Amino acid sequence: MMLMLIVALALGGAGVYASYKDQKLGAALVVGLTVVTVFFVLMDKDPSAAADGTVPPAAPAVTPTAPPVQPSPSAS
């Protein structure tokens, strides 16, 4: 976790410096940062929280069986 924080701060500092040097690059970095932030916010949400918790019953597995063989009447 600490390594991720250090990397994020280093990238943030590099982004601020690049934005200071080039205004167009700064706008592109803001758009990219917004997209990544929205992505992480959506990934952090629990998808099961939106469901009501009920699971529909599964269909029973039916295996087809052959009808029983009837013995043929023997001619005596």
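Residues numbered from 1 in each chain as written. Predicted model: local features only at pLDDT ≥ 70, side-chain atom pairs only at ≥ 80, totals over all residues. Heavy atoms only, no water.

Visitor: When you look at the overall build of the protein in this model, what are you seeing that I'm missing?
Guide: The helix and strand inventory of the protein stands at 2 helices and 0 strands. Within the span of the protein, comprising 76 residues, buried residues form 4% of the whole. Of the accessible surface of the protein, which amounts to about 7500 Å², a share of 73% is contributed by carbon and sulfur atoms. (Helix = DSSP H or I, 4+ residues; strand = E, 2+ residues; numbered from the N terminus. Buried < 20%, exposed > 50% of the residue type's maximum accessible area, 1.4 Å probe, protein only. Areas by Shrake-Rupley, 256 points an atom, 1.4 Å probe, with all protein chains shown as cover.)

Visitor: How do you make sense of the layout of surface pockets when you look at a structure like this?
Guide: A water-sized probe, rolled over the atoms, reveals where empty space remains. One number sums up the size of the largest pocket: a volume of about 300 Å³. Lining the largest pocket are 14 residues, with Leu 11, Gly 12, Leu 29, Gly 32 and Leu 33 positioned closest to its centre. Counting residues per element, the ones that place at least two in the lining of the largest pocket are helix H1 (2-21) and helix H2 (23-44). It is H2 that provides the largest number of residues to the lining of the largest pocket, a total of 8 residues. When grouped by side-chain class, the residues that make up the lining of the largest pocket number 9 nonpolar, 5 polar and no charged. (1 Å grid on protein atoms, 1.4 Å probe; cavity = no way out; pocket = protein on both sides within 12 Å on 5 of 7 lines; lining within 4 Å. Points joined across faces, edges and corners; volume = space filled by probe spheres on them. Nonpolar A, V, L, I, M, F, W, Y, C, P; charged D, E, K, R; others polar.)

Visitor: Sorry, what's going on with a nonpolar patch on the surface here?
Guide: A cluster of nonpolar side chains, contributed by Met 2, Leu 5, Ile 6 and Leu 9, occupies part of the molecular surface with about 440 Å² of accessible area. Relative to the helices and strands, Ile 6 is located in helix H1. (Patch = residues over 30% accessible without salt bridge, like charges linked within 9 Å, V, L, I, M, F, W, Y side chains within 5 Å. Salt bridge = Lys/Arg side-chain N within 4 Å of Asp/Glu carboxyl O.)

Visitor: Explain the environment of Gly 15 to me, please; I cannot follow it from the model alone.
Guide: Relative to the assigned elements, Gly 15 resides in helix H1. Note: C-alpha distance between Gly 15 and Leu 33 (18 residues apart in sequence) is 9.7 Å.

Visitor: Could you clarify how one ought to interpret the packing of H1 against H2 in this entry?
Guide: What describes two packed helices is the angle between their axes and the distance between those same axes. With their axes 5 Å apart at the nearest point, H1 and H2 run at an angle of 140° to one another. Judged on the interaxial angle alone, H2 and H1 are oblique. As for how H1 packs across H2, the hand of that crossing is left-handed. Residue-level inspection shows Gly 15, Ala 18, Ser 19 and Lys 21 of H1 in contact with H2, the latter providing Gln 23, Leu 25, Gly 26 and Leu 29. (Axes fitted to C-alpha atoms, helices over the stretch in contact; angles between N-to-C directions. Parallel < 35°, antiparallel > 145°, perpendicular 65-115°, else oblique. Left-handed = near helix turned anticlockwise from the far one by under 90°. Contact = heavy atoms within 4.5 Å.)

Visitor: Help me understand H1, please; the structure alone is not making it clear to me.
Guide: Each α-helix winds once per 3.6 residues, and so residues spaced three or four apart point in a common direction. The terminal C-alpha atoms of H1, which comprises 20 residues, lie 29 Å apart, in line with the 28 Å expected from a rise of 1.5 Å per residue. Judged by how many residues are buried, H1 sits mostly at the surface: 2 of 20 residues are covered. (Expected span 1.5 Å × (residues − 1).)

Visitor: Explain the environment of Thr 34 to me, please; I cannot follow it from the model alone.
Guide: With respect to the helices and strands, the residue Thr 34 is situated in helix H2. With a relative accessible area of 43%, Thr 34 lands in the partly exposed category. Here the side chain of Thr 34 touches Val 30 through a polar contact of 2.8 Å, landing on its backbone oxygen. (Polar contact = N/O pair within 3.5 Å; in protein donor to acceptor, adjacent residues only side chain to side chain.)

The values are spatial; any link to function lies outside them.
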